[in-house]
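Structural description and commentary
As a plain string of letters, each chain reads:
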Amino acid sequence: MCVADTARDVSGNAHCKSKEAEIKRINKELANIRSKFKGDKALDGYSKKKYVCKLLFIFLLGHDIDFGHMEAVNLLSSNRYTEKQIGYLFISVLVNSNSELIRLINNAIKNDLASRNPTFMGLALHCIANVGSREMAEAFAGEIPKILVAGDTMDSVKQSAALCLLRLYRTSPDLVPMGDWTSRVVHLLNDQHLGVVTAATSLITTLAQKNPEEFKTSVSLAVSRLSRIVTSASTDLQDYTYYFVPAPWLSVKLLRLLQCYPPPDPAVRGRLTECLETILNKAQEPPKSKKVQHSNAKNAVLFEAISLIIHHDSEPNLLVRACNQLGQFLQHRETNLRYLALESMCTLASSEFSHEAVKTHIETVINALKTERDVSVRQRAVDLLYAMCDRSNAQQIVAEMLNYLETADYSIREEIVLKVAILAEKYAVDYTWYVDTILNLIRIAGDYVSEEVWYRVIQIVINRDDVQGYAAKTVFEALQAPACHENLVKVGGYILGEFGNLIAGDPRSSPLIQFNLLHSKFHLCSVPTRALLLSTYIKFVNLFPEIKTTIQDVLRSDSQLKNADVELQQRAVEYLRLSTIASTDILATVLEEMPPFPERESSILAKLKKKKGPSTVTDLEETKKERSADMNGGTEPAPVNASAVSTPSPSADLLGLGTGPPPNAAPAPASSGSLLVDVFSEPASAVTQLAPGSQENFASPDLASSELVSEEPSEAARGADELTHKFVCKNNGVLFENQLLQIGLKSEFRQNLGRMFIFYGNKTSTQFLTFTPTLICSDELQSNLNLQTKPVDPTVDGGAQVQQVVNIECISDFTEAPVLNIQFRYGGTFQNVSVKLPITLNKFFQPTEMASQDFFQRWKQLSNPQQEVQNIFKAKHPMDPEITKAKIIGFGSALLEEVDPNPANFVGAGIIHTRTAQIGCLLRLEPNLQAQMYRLTLRTSKETVSQRLCELLSEQF
Amino acid sequence: MRFMLLFSRQGKLRLQKWYLAMSDKERKKMVRELMQVVLARKPKMCSFLEWRDLKVVYKRYASLYFCCAIEGQDNELITLELIHRYVELLDKYFGSVCELDIIFNFEKAYFILDEFLMGGDVQDTSKKSVLKAIEQADLLQEDGKERNVQ
């Protein structure tokens with residue numbers, strides 16, 4: 001065969017003795033080909049093919065190819081199959097998206113698609129799918145659906161067309177038009193040809209994820225197809241039976257498709273349950289073949305069925321059976337099955353129906369942790385232990401994890417540390433156990449104990465007075481070790497500084513011994529730790545006046561007072577002054593015990609969710625800098641500072657210095673704000689000033705943020721309504737913020753059109769991957785509101801901001817708000833955020849000025865009871881007439897002065913613009929200061945509009 | 001599926017198929033990194049691993065590693081069998097396939113893969129259908145050759 005010959009010509013390379021010899025030979029060959037292509041004599045198709053093929057071969061050997069593209073494109077228009085085929089192969093392997101060539105390639109493809117020759121069509125479709133660029137999508141996304149559903153298309157072409165369309169949809173979903181063809185594609189699930197069904201199922205699954213409504217009829221079709229497959233005898237499906245398993249690929253795909261939907265309605269559900277039971281039953285039958293392929297294919301279907309059962313999470317019986325099945329796999333001799341069983345069980349553990357059943361396997365999982373030879377399997381075991389942990393088994397699981405930590409692979413140590421710290425805190429009944437556990441963590445894996453972990457132990461000790469004495473005693477003992485980790489010195493320094501007095505009665509831990517013990521570590525520590533220790537010393541001055549002179553001597557020494565580090569030097573100077581000048585009373589006030597920390601969600605949990613996210617560290621650095629800047633900025637001498645300090649919070653500051661506050665104390669406004677500064681730096685208009693509490697208000701979604709970053713969008717919807725209300729009267733602001741992501745909005749509206757800029761800011765220093773924001777509108781909303789947008793770049797670099805533009809057209813009046821769903825991967829975990837997008841009907845308001853007479857004339861014309869909607873409600877904000885006026889203007893209507901006979905009342909007028917109609921609106925707001933109530937009346941020519949505007953505006957006062 | 005790689009025990013890449021757009025540089029980096037990870041694994045270890053934000057499924061046949069990168073929700077076991085089916089197709093076509101077949105007839109290996117997978121999804125799982133398509137193409141090729149000779 002010619003191609004093999006050409007390959008052999010070059011192939012000596014593959015076996016060349018040295019790298020240099022190989023390169024030399026390749027270069028010679030490349031020069032030869034180049035001269036052939038450039039030569040005067042036009043090459044015939046055969047030689048062109050031969051040389052293009054050689055180039056391809058050289059490329060596949062790992063060398064760069066920078067010519068020959070044009071010759072390959074020429075081959076596409078050849079009538080000879082073999083030439084065309086090599087041309088297409090070259091292009092699909094070597095062309096990324098070179099715009100000039102793409103045009104030529106597209107032309108050739110267009111011809112082949114129109115050729116009605118199934119072999120040529122197949123080649124063309126493959127090429128589109130292989131390159132899959134946006135240009136290709138632009139050229140062919142409209143054409144391929146037609147080929148797919150045309151009655152006379154051959155089966156093989158249909159298969160290619162379905163997958164080709166899928167590929168284009170993945171790269172450019174906006175370019176693939178939905179339409180009549182979708183319902184016909186769904187019916188391909190009934191096709192005779194199983195290959196066509198397989199390809200179509202892949203396509204439908206992906207489309208259904210984004211357009212569930214459009215494809216919901218696929219559920220019953222998929223169930224009946226699946227049912228026919230699982231009940232068929234192993235020979236029924238002929239070549240689609242794989243090692244005695246009927247159509248495993250198709251089964252997996254159908255089960256996957258069903259996971260796009262909630263459990264179906266009862267009739268279909270019964271049938272589906274039967275299928276799932278059959279699959280579970282088959283797993284118990286003796287294998288029909290000893291081949292691993294048989295068991296793999298069978299189990300692939302089984303695992304997918306279990307995923308579906310977990311996804312539905314509604315049939316306790318099936319869940320428990322699934323769990324038992326996985327339990328068997330936990331001890332299977334195939335490593336692959338053990339791995340997958342551990343993985344699946346993790347998700348089962350979170351279902352209330354199966355949590356208990358999962359727990360029964362604890363011994364097996366612990367054993368896996370100890371004996372598995374493959375680190376990826378051990379990692380799964382750790383995950384599962386974490387997932388199955390609850391109050392009843394926490395002590396055991398934590399102990400096992402600590403055990404494992406001693407020998408764990410470096411790559412997963414930090415994660416285990418976080419997990420242990422979280423479990424120990426979450427399930428601590430006895431806080432002495434908690435303190436022991438954390439100190440053990442620091443001892444075993446000090447380097448992997450992040451700041452969050454030791455901050456947290458201090459927060460907890462300070463908040464719980466029953467454990468303080470024990471903590472002081474334990475850290476004191478731990479510090480006796482000749483070599484202890486710096487993190488232990490930090491914890492020890494902090495805790496003894498606060499509670500050293502609780503153990504000072506014991507002569508073995510007298511004040512001087514405590515001090516000497518800590519100071520013996522001082523010189524080995526880094527600057528931040530030394531700074532912390534200096535604070536501990538000044539606290540000792542207060543706690544133990546008897547060692548004051550010893551401490552003053554240390555502070556006074558040259559190594560402190562003249563320390564090269566500004567922070568240390570300053571502390572030494574100030575603390576020394578403080579200890580000499582201040583009276584005991586002042587000292588006692590300034591160095592009072594730390595007040596309890598406000599209860600908040602564990603910072604460690606947030607850290608684990610971020611998984612190795614280094615961002616917290618940078619946040620911390622920033623706060624630290626800010627703080628020391630404060631300190632340095634103060635020119636007044638220390639004593640004055642100290643006497644001014646009578647409130648407890650500055651005293652908290654003293655010890656907080658340098659080490660910073662617990663990292664998620666507040667959602668560091670400085671760092672997060674800066675991301676969007678450019679967007680909001682425009683002069684605040686009257687409207688933006690309207691929400692005086694906006695800063696505080698935004699804090700509330702933030703506190704809930706860690707919950708928002710959950711895998712369940714339902715949780716995220718909480719509190720979203722409040723947010724939407726905030727945007728009713730303004731167009732710009734922060735829509736959403738958590739520790740990872742900030743979403744800002746800027747929008748403008750004119751008549752029935754609008755444009756919204758959405759800014760996604762990555763607050764971390766790590767990339768977001770597969771970042772996909774999606775706008776979700778219900779069917780009803782879709783017919784009333786038209787939203788157009790382009791997808792954004794799927795990777796968002798750390799600290800970067802990406803912008804998305806949404807073009808909005810209001811077709812008819814509407815009540816719901818579209819939902820913005822954002823999915824991305826951050827450091828290995830999947831993040832899912834949903835917020836309502838504040839596009840409300842009043843945005844399409846145009847104000848109308850009118851005189852008193854006109855107003856009342858129209859008011860009377862709209863006297864039909866359906867046209868009026870009234871609401872009487874209590875004021876939620878102070879009743880300031882100026883703010884009220886600004887809100888009415890911000891709402892979009894004109895504010896009409898001197899219209900209402902009562903000057904305390906407000907009246908407004910405007911027109912709501914939609915594509916289909918313009919609706920005149922009149923409104924009247926009557927405040928009652930005494931009762932702190934309002935009465936709001938809306939009259940418009942359309943009942944639904946009156947209703948909606950009244951709802952929206954009522955929330956504003 | 002995001003991509004499929006075939007490489008030898010010596011770390012020579014024999015076939016690469018990408019189902020996502022990416023720069024050459026990035027591709028090379030990924031190939032290098034992934035080969036290192038996979039080649040370092042011992043036999044009997046599990047065939048799946050988490051790598052970057054992907055799941056990798058691999059299997060070794062004689063001197064060749066077949067390695068697929070799939071997404072989070074994809075099914076690992078069926079991917080493993082996908083690899084096996086591809087090997088079977090190669091085997092059937094070449095008649096007990098070896099690494100050299102894939103080196104010298106790389107274009108055939110690509111054509112077979114294309115008939116089997118498209119855009120990263122299974123096009124047809126039937127061995128017969130795939131091989132029939134390839135044989136037809138071969139016939140066309142023979143025709144072309146004859147005409148060429150004439």
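Residues numbered from 1 in each chain as written. Chains lettered and ligands numbered in written order. Predicted model: local features only at pLDDT ≥ 70, side-chain atom pairs only at ≥ 80, totals over all residues. Heavy atoms only, no water.

**What to know about the overall build of chain B**
- From N to C terminus, chain B includes 5 helices and 7 strands.
- When the helices and strands of chain B are placed in sequence order, the string is β-β-α-β-β-β-α-α-α-β-β-α.
- Each of the 150 residues in chain B was classed as buried or not, and the buried ones make up 62%.
- Contacts in chain B between residues at least 24 apart in sequence constitute 48% of all its contacts with a sequence separation of at least 6.
- With the model as given, the accessible surface of chain B reaches about 6,100 Å², and the carbon-plus-sulfur share is 51%. (Helix = DSSP H or I, 4+ residues; strand = E, 2+ residues; numbered from the N terminus. Buried < 20%, exposed > 50% of the residue type's maximum accessible area, 1.4 Å probe, protein only. Contact = heavy atoms within 4.5 Å. Areas by Shrake-Rupley, 256 points an atom, 1.4 Å probe, with all protein chains shown as cover.)

**Here's the deal with the interface of chain B and chain A**
- Each partner contributes residues to the interface: chain B has 65 residues there, and chain A has 74 residues.
- Of all residues in chain B, L77, F104 and M118 of chain B give up the largest surface area on contact with chain A, accounting jointly for 11% of the area buried on that side.
- Remark: the boundary between chain B and chain A carries 6 salt bridges.
- Between D121 of chain B and K253 of chain A there is a salt bridge, and its shortest N-O distance comes to 3.1 Å.
- For the pair chain B and chain A, the interface holds 25 residue pairs in polar contact (both at pLDDT 80 or more).
- Among the elements of the structure, β2 (13-18), α1 (24-39), β3 (48-51), α2 (76-94), α3 (99-104), α4 (106-116), β7 (121-122) and α5 (127-149) of chain B are those that each provide at least two residues to the side of chain B that touches chain A.
- The greatest single-element share of the side of chain B that touches chain A, amounting to 10 residues, is contributed by α5 of chain B.
- Looking at the side of chain B that touches chain A residue by residue, the class counts come to 24 nonpolar, 15 polar and 26 charged. (Buried area = accessible area lost by both parts, 1.4 Å probe. Salt bridge = Lys/Arg side-chain N within 4 Å of Asp/Glu carboxyl O. Polar contact = N/O pair within 3.5 Å; in protein donor to acceptor, adjacent residues only side chain to side chain. Nonpolar A, V, L, I, M, F, W, Y, C, P; charged D, E, K, R; others polar.)

**Section: the sheet that holds strand β7 (residues 785-789) of chain A**
Residue and element names in this part refer to chain A.
- Overall, antiparallel pairing links the 5 strands, which are arranged β3-β4-β5-β8-β7 in an open sheet. Looking along the sheet, the strands with just one partner apiece sit at the ends: β3 (732-737) and β7. On average, adjacent strands in this sheet sit at an angle of 25° to one another, irrespective of strand direction.
- Here β3 pairs with strand β4 (residues 741-750) via 5 bridges, running antiparallel. Across the sheet, residue V734 finds its bridge partner in β4, namely G744. (Pairing = 2+ DSSP bridges. Axes fitted to C-alpha atoms, helices over the stretch in contact; angles between N-to-C directions.)

**A look at unusual backbone geometry**
- One non-glycine residue, Y243 of chain A, adopts positive backbone phi at about 45°.
- Inspection of the secondary structure assignment puts Y243 of chain A in the loop between β1 (241-242) and β2 (245-246).

**Digging into the sheet that holds strand β5 (residues 64-70) of chain B**
Residue and element names in this part refer to chain B.
- Here we have 5 strands laid out as an open sheet, ordered β2-β1-β5-β4-β3, and antiparallel in their pairing. Both edges of this open sheet fall to β2 and β3, since each of them pairs with a single strand only. Each adjacent strand pair in this sheet contributes to an overall mean axis angle of 20°, direction not counted.
- In this sheet, β5 lies alongside strand β4 (residues 54-61) in antiparallel orientation, the contact comprising 7 bridges. In the sheet register, K55 faces β5, and the bridge partner there is I70.

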